[in-house]
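# Breakdown of the fold
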Amino acid sequence: MPNPDLYSGSEEEWQALLGQLRRQSQTQPQPFFYTRVQARLDAQHATPRAWLPSWLRRPAYVALLGILVLAVSGDGAALQTAHPVTHSSTLPR
Amino acid sequence: MAYGLPLLATLMEPSAPVERAADAELVARLQQGEEVAFRTLVTRFQGRVYSTAYSLLRSAEEAEDVAQEVFVEVYQTIVRFRGEAALSTWLYRLAVSRALQHQRRLHARKRFALFTSLLGFAGQLLHEPPDHAHPQALLEGTQQLHLLQQHISRLPAQQQVAFTLRHEQELSYEEIAAVLSTSVAAVESLLYRARHTLRQHLQPTSRHA
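Keep in mind it's a predicted model, so treat the numbers as computed, not measured.

## Considerations on the overall build of chain B
- Along its length, chain B carries nine helices and zero strands.
- Going from the N terminus to the C terminus, chain B shows its helices and strands as α-α-α-α-α-α-α-α-α.
- Residue pairs in contact within chain B that sit at least 24 positions apart in sequence constitute 62% of those at least 6 positions apart.

Okay, here's the thing in structure tokens:
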């Protein structure tokens, strides 16, 4: 069903354009593709598998994790209870 | 031409079980760790995997990277391949998903580059470079093709994949449905919407009086 809003070129033109697109995309990889795949596989085998995930091997993440653990562990509450004691020691006798 | 494709499919059908049996044998040899079988697989499918990636990324470098990743993944996971889908379907599926991953990464990188350039952090290019195509390349046909490719890349991912597999890889509706893990009706709908959008955006070629 023809639609006036659509590409006003004829069906033949549209098909010719699709044919052009098809021909253009029939590309092949560069020669010796298998050798490069093999090299990539070998490189992956050569890299030893780390026992920690990569994100955990970054100092910034380790520091952040440490801060988080401290914050969640309740040390903040302990510091708060200790505060009045130090405050009272400054009071005049 | 409308009757050409179903006829072709019918003619090609008898070879499908033969191909399937050959694939099953190849997979069995791969699962036993046969090096020659892997080479055979790469040689047989490298063109299809590469051109699928190229159609979705329009970059030879990126397509090469995706194709390599696909075959590395095949090598590493072939043991888990149960043969529920055809070997080619599985490979197309891997190629499409890897290409879309690359595409998302490229878009994110482009957005980030734009953001940093707007803030003046980087002395890199501030925007997508203008296309200074050679006047010869601006001939009507090439211009239309370039425009079509641009609009294909702007389609939603599913439509883009369906359109690419149909019109560039010449897969049947059934094969596309298998790659996308969907129904034939859904593929028809994706293709209809994709064609509709593309034809809406394409300008008619100018005719000289």
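## Examining the interface of chain B and chain A
- Across the boundary between the two partners, chain B contributes 27 residues, which contact 25 residues of chain A.
- Top contributing element to the side of chain B that touches chain A by residue count: helix H3 (residues 35-57) of chain B, with nine residues.
- For the side of chain B that touches chain A, the per-class residue count stands at 11 nonpolar, 11 polar and five charged.

## Some details on the nonpolar core
- In terms of nonpolar packing, the biggest core is built from 44 residues, with Ala53, Val70, Leu91 and Ala95 of chain B touching the most fellow members.
- For this core, the secondary-structure elements that each account for two or more residues are helix H2 (33-46) of chain A together with H3, helix H4 (60-77), helix H5 (87-119), helix H6 (140-153), helix H7 (157-167), helix H8 (173-180) and helix H9 (184-201) of chain B.
- Per-element tally for this core: the top contributor is H3 of chain B, with 10 residues.
- Among the domains, domain 1 (13-124) and domain 2 (135-204) of chain B are the pair contributing at least three residues each to this core.
- Beyond its immediate chain neighbours, meaning those up to four positions away, Leu91 of chain B contacts Phe45, Val49 and Val70 of chain B.

## Comments concerning the domain arrangement of chain B
All names here are of chain B.
- When the domains of chain B are assigned, the result is domain 1 (13-124) and domain 2 (135-204).
- On the domain 2 side, the residues contacting the 12 residues of domain 1 number 11 residues.
- Going through the elements one at a time, H3 and H5 are the ones with two or more residues in the side of domain 1 that touches domain 2.
- Class assignment of the residues belonging to the side of domain 1 that touches domain 2 gives a composition of five nonpolar, four polar and three charged.

## Brief notes about the packing of H8 of chain B against H9 of chain B
All names here are of chain B.
- Where H8 contacts H9, the two axes come as close as 8 Å, and the packing angle between them is 100°. Taken together, the axes of H8 and H9 lie roughly perpendicular to each other. Between H8 and H9, the residues in contact are Tyr173, Glu174, Ile176, Ala177 and Leu180 and Val184, Val187 and Glu188, respectively.
- By residue class, the composition of the contact of H8 with H9 is six nonpolar, no polar and two charged.

## Some points on the confidence of the model for chain B
Residue and element names in this part refer to chain B.
- Model confidence for chain B is summarised by a mean pLDDT of 83, while 77% of its residues fall at 70 or above.
- The low-confidence segment residues 1-14, where pLDDT is below 50, has one contact with residues more than four positions distant or belonging to other chains.
- Both scores are available for the predicted complex, with the pTM at 0.71 and the ipTM at 0.75.

## Notes on the packing of H2 of chain A against H4 of chain B
- Remark: H2 of chain A packs on H4 of chain B, axes separated minimally by 9 Å, with the N-to-C direction vectors making an angle of 60°. Taken together, the axis directions place H2 of chain A and H4 of chain B in an arrangement best described as oblique. For the pair H2 of chain A and H4 of chain B, the crossing hand works out as right-handed. Side by side, H2 of chain A and H4 of chain B meet where Arg36, Val37, Arg40, Leu41 and Gln44 of chain A of the first sit next to Gln68, Phe71, Val72 and Tyr75 of chain B of the second.
- Broken down by class, the residue content of the contact of H2 of chain A with H4 of chain B amounts to five nonpolar, two polar and two charged.

## What about the environment of Val161 of chain B?
Residue and element names in this part refer to chain B.
- One can find Val161 in helix H7.
- A tally of 25 C-beta atoms within 10 Å means that Val161 is categorised as buried.
- Taking C-alpha positions, Val161 is 23 Å from Gly83, a pair spaced 78 residues apart along the chain.
- Among all residues touching Val161, those that are not within four sequence positions of it are Val96 and Leu180.

## Describing the environment of Ser51 of chain B
- Relative to the assigned elements, Ser51 of chain B resides in helix H3.
- When sequence neighbours within four positions are dropped, the list of residues in contact with Ser51 of chain B reads Ser25, Gln26 and Thr27 of chain A together with Gln169 of chain B.

## Considering unusual backbone geometry
Residue and element names in this part refer to chain B.
- Phi at Arg58 takes a positive value of approximately 55°, unusual for a residue other than glycine.
- Here Arg58 is to be found in the loop between H3 and H4.
- Even without being a glycine, Glu170 presents a positive backbone phi close to 55°.
- Mapped onto the elements of the fold, Glu170 is located in the loop between H7 and H8.
- With 12 C-beta atoms packed within 10 Å, Glu170 lands in the exposed category.

Definitions and limits used
Residues numbered from 1 in each chain as written. Chains lettered and ligands numbered in written order. Predicted model: local features only at pLDDT ≥ 70, side-chain atom pairs only at ≥ 80, totals over all residues. Helix = DSSP H or I, 4+ residues; strand = E, 2+ residues; numbered from the N terminus. Contact = placed C-beta atoms within 7 Å. Nonpolar A, V, L, I, M, F, W, Y, C, P; charged D, E, K, R; others polar. Core = buried A, V, L, I, M, F, W, Y, C linked by C-beta atoms within 7 Å. Buried ≥ 20, exposed ≤ 12 C-beta atoms within 10 Å, placed from the backbone. Domains from an automatic or database assignment. Axes fitted to C-alpha atoms, helices over the stretch in contact; angles between N-to-C directions. Parallel < 35°, antiparallel > 145°, perpendicular 65-115°, else oblique. pLDDT = per-residue confidence, 0-100. Left-handed = near helix turned anticlockwise from the far one by under 90°.

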